[in-house]
Amino acid sequence: MTETKDLTRLSVNAIRFLAIDAVEKAKSGHPGMPMAMAPLAYLLYREIMRHNPLDPNWPDRDRFVLSAGHGSMLLYAILHLTGYNLPLEELKRFRQWGSKTPGHPEYGHTPGVEVTTGPLGQGISTAVGLALAERKLAAEFNRPGYEVVNHYTYVLASDGDLMEGVSGEASSLAGHWRLSKLIVFWDNNHISIDGPTDLAFTEDVLARYRAYGWHTLRVEDANDLEALRHAIRLAQLDERPSLIAVRSHIGYGSPKQDSHKAHGEPLGPEAVEATRKNLGWLYPPFEVPEEVYRHMDMREKGRAWQDAWEQLMEAYAKAYPDLHQELVRRLKGELPSLPEEPPAFDKPVATRAASGKALDAIAPRMPELLGGSADLTPSNNTQAQGMADFSPQNPTGRYIHYGVREHGMGAILNGLNLHGGYRAYGGTFLVFSDYMRPAIRLAALMGTPTVFVFTHDTIALGEDGPTHQPVEHLMSLRAMPNLWVIRPADAYETFYAWQVALKRKEGPTALILTRQAVPLLSPEKAKGALKGGYILEDVENPEGVLVATGSEVHLALKARALLAEKGRRVRVVSLPSFELFAAQPEEYRREVLPPGLPTVAVEAGATLGWERYAHKVVGLDRFGASAPYPEVYEKLGFTPERVAGALEELL
């Protein structure tokens, strides 16, 4: 027993000193949290979690999310020690160009990292989506004796994570949904960057989480492994999500213990040496005893766990062949056969309504499609026919009501899509994309195929006024790398926009949809939306081009008619997606928008950014106004006459 305790203590200290040494070598980083929470990392990865370092993507693994992403060396150290493909050389290259150990954990970059974290609050909130996916898959596919989906989501969160509003939004939903396999450890160290947390954080956190519907526990000492074990056992037995407050000491064992100076900077040579003496660590930087590596190696156990699961899946395939085939398809991310032709429309229709019709056609063929809205379902048209509401009583329901929680919804959508087995989308008004922008950005950074449905896309909101009329939002979203923004001009372009979004696997898509009805284009011509931009109307030897997006395409068509009466030869280009258009061959792009032709862009939003495609812009660089939308458009200069005049000036 003494030998085992000694080996445990040695292993915990190995985690601490790998973190200390990596931060010291990089001359930057956050050593304090890894030093404090090393015992928990040891316990989770060595005893509690089922995971396989040889296959970090094993579908039924337990997930661990380091929401306190600044403490990334805690995660890198434990992944290295337990046998993931993260060699010691990578730890020595912490925070350096091209290393597998960036300053904050990055999904898809480092083996074993489940979620990109760092912006506080995002990790715990995304983890709610992971736990929700597990709950739903288990309800859909598990059968008596065949629990093929059965894993936990563990989270390590900091004080800062629990201060951020997004974590409150997501945690409230987790309690409402009774996600019992979500277990969060709160690193309760009483310290933030500015100093003691009580400078700004004196609430009763556990009472707040009990009010959310969570099970709460306390562990008085982060070094007490038996108390941690007991708390985890109690959490696993409860039917609610659990928050375990773990009293820890930042920078544990160092002269800077319990000081904010241990948070975000190297300890320094003198403090490192003192810490080595205090904790009895007699090894030079980056040296780990072989007995620790042997003790911590989880590859054999991980392979055995996965082998057992794969044997269960083989038996499941014989007992429930259809379910097995469907589960395997979905876990692989393979799309079913989607409808290729759009629904029929016989009159002008808002693109938000057309989006709803597209979903009606797609959802029956795509059982993994999960819808949702931030309390705007009738406005967003996001609930397809036959999509039952999800609830704790009906976990197989495919439609999720997020309440007025845009930011939490965005993070949860990312978690659903990261988990595997589902493709999730969620809707709100375009102006409220600002409320969820960090989650959109992380979806783009992680390459998560989340679909964000943004309706009420311009000043055409009319009477609701400038607080609800997006102006700068389109261009600000287009500025985000790896986010595809699609603003369709009619019902048919909307259908093809959904095809693009669902077939895209390497990043998120934002669909930008109208509140007001817009005329129909030719269904055949609208297929050009699949290329992001196309010639909608043309003449021989055009002398100028009008290029537009969304509802303003119809404004451009009217302006073209006015110019034609004057003998002007004008081409109209619909450009629903800058990003998709930019992905086309240069020859095609120059054919659609010849650089030498005078070109006017028309869009009821910020003009910044259109210079790449146009010589002049009819746009909006001020806020809108409250009035019926036709009057707002007219007063703010969105008329066929103004558009025609802008091109005439160029000609």
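Since this is a predicted model, take the numbers as computed values, not measurements.

Calculation rules
- Residues numbered from 1 in each chain as written.
- Predicted model: local features only at pLDDT ≥ 70, side-chain atom pairs only at ≥ 80, totals over all residues.
- Heavy atoms only, no water.
- Helix = DSSP H or I, 4+ residues; strand = E, 2+ residues; numbered from the N terminus.
- Rg over C-alpha atoms; globule rule 2.2 N^0.38 Å.
- Buried < 20%, exposed > 50% of the residue type's maximum accessible area, 1.4 Å probe, protein only.
- Contact = heavy atoms within 4.5 Å.
- Areas by Shrake-Rupley, 256 points an atom, 1.4 Å probe, with all protein chains shown as cover.
- Pairing = 2+ DSSP bridges.
- Right-handed = clockwise from strand over helix to strand, strands pointing away.
- 1 Å grid on protein atoms, 1.4 Å probe; cavity = no way out; pocket = protein on both sides within 12 Å on 5 of 7 lines; lining within 4 Å.
- Points joined across faces, edges and corners; volume = space filled by probe spheres on them.
- Nonpolar A, V, L, I, M, F, W, Y, C, P; charged D, E, K, R; others polar.
- Expected span 1.5 Å × (residues − 1).
- Salt bridge = Lys/Arg side-chain N within 4 Å of Asp/Glu carboxyl O.
- Axes fitted to C-alpha atoms, helices over the stretch in contact; angles between N-to-C directions.

Asks: Explain the overall build of the chain to me, using residue names and the numbers behind them.
Replies: Looking only at helices and strands, the chain has 25 helices and 20 strands in total. Relative to the compact-globule value of 26 Å for 651 residues, the chain shows a C-alpha radius of gyration of 27 Å, a close match. Taken over the C-alpha atoms alone, the chain extends approximately 95 × 60 × 45 Å along its principal axes. Looking at the chain as a whole, 61% of its 651 residues are labelled buried. In the chain, 77% of the contacts between residues at least 6 apart in sequence involve partners at least 24 apart. Summed over its atoms, the accessible surface of the chain is roughly 24800 Å², and 50% of this surface lies on carbon and sulfur atoms.

Asks: Requested: an account of the pairing of strand 18 (residues 570–574), with residues and values cited.
Replies: In terms of burial, strand 18 is largely enclosed, as five of its five residues are buried. Of the two faces of strand 18, the one lined by Val 570, Val 572 and Ser 574 and the one lined by Arg 571 and Val 573 are each fully buried. Relative to strand 18, strand 16 (residues 534–537) runs antiparallel, the two being bridged by three bridges. For Glu 537, the partnering residue across the bridge sits in strand 18 and is Val 572. Remark: the strand 17 (residues 544–548)/helix 21 (residues 552–565)/strand 18 crossover connection has right-handed handedness.

Asks: Describe the layout of surface pockets, naming the residues involved and giving the relevant values.
Replies: Rolled over the atoms, a probe sized like a water molecule indicates the empty space that remains. As a volume, the largest pocket reaches approximately 750 Å³. Tyr 107, Leu 331, Asn 417, Leu 418 and Gly 420 are the residues nearest the centre of the largest pocket, which is lined by 33 residues in total. If you list the elements that add at least two residues to the lining of the largest pocket, you get helix 13 (321–332) and helix 16 (406–419). A class-by-class count of the residues in the lining of the largest pocket yields 11 nonpolar, 11 polar and 11 charged.

Asks: Report on helix 7 (residues 165–177), specifying residues and quantitative values.
Replies: An α-helix turns once every 3.6 residues. As a result, residues three or four positions apart point the same way. A rise of 1.5 Å per residue sets the reference length of helix 7, with its 13 residues, at 18 Å; its end C-alpha atoms lie 19 Å apart and thus fit the reference within 8%. Of all 13 residues in helix 7, 10 are buried; the element is thus mostly enclosed. The inward-facing, buried residues of helix 7 contact helix 5 (122–141), helix 6 (159–163), strand 3 (182–188), helix 8 (205–212), strand 10 (399–401) and helix 16. Immediately downstream of helix 7, the backbone of Arg 178 shows phi near 55 degrees, a positive value.

Asks: Give me the pattern of salt bridges: which residues, what numbers.
Replies: Per the stated rule, a full pass over the model turns up 30 salt bridges. Taking the shortest distance from any N to any O, the salt bridge between Arg 229 and Glu 47 comes out at 2.8 Å. Of this pair, Arg 229 sits in helix 9 (residues 225–237) while Glu 47 sits in helix 2 (residues 32–48), placing them 182 residues apart in sequence. Exposure remark for Glu 47: the relative accessible area of 35% places this residue in the partly exposed category. For the salt bridge of Arg 487 with Asp 457, the shortest nitrogen-to-oxygen distance reads 2.8 Å. Of this pair, Arg 487 sits in the loop between strand 13 (484–486) and helix 19 (491–503) while Asp 457 is found in the loop between strand 12 (451–455) and helix 18 (473–478), placing the two residues 30 residues apart along the sequence. Of the two residues, Arg 487 and Asp 457, neither departs from the other in class, the shared state being buried. Here the salt bridges share partners, and the residues they tie into one network are Glu 140, Glu 326, Arg 329, Arg 330 and Glu 368.

Asks: Pulling in residues and values, what's your account of the sheet that holds strand 1 (residues 63–66)?
Replies: Taken together, five strands build an open sheet; the order of strands is 1-2-3-7-6 and the sheet is parallel. The open sheet has two edge strands with one neighbour each: strand 1 and strand 6 (215–219). Ignoring which end each strand starts from, the neighbouring axes of this sheet average 20 degrees apart. Note that strand 1 and strand 2 (residues 153–158) share four bridges and pair parallel. The residue bridging Leu 66 from the neighbouring strand is Leu 156, located in strand 2.

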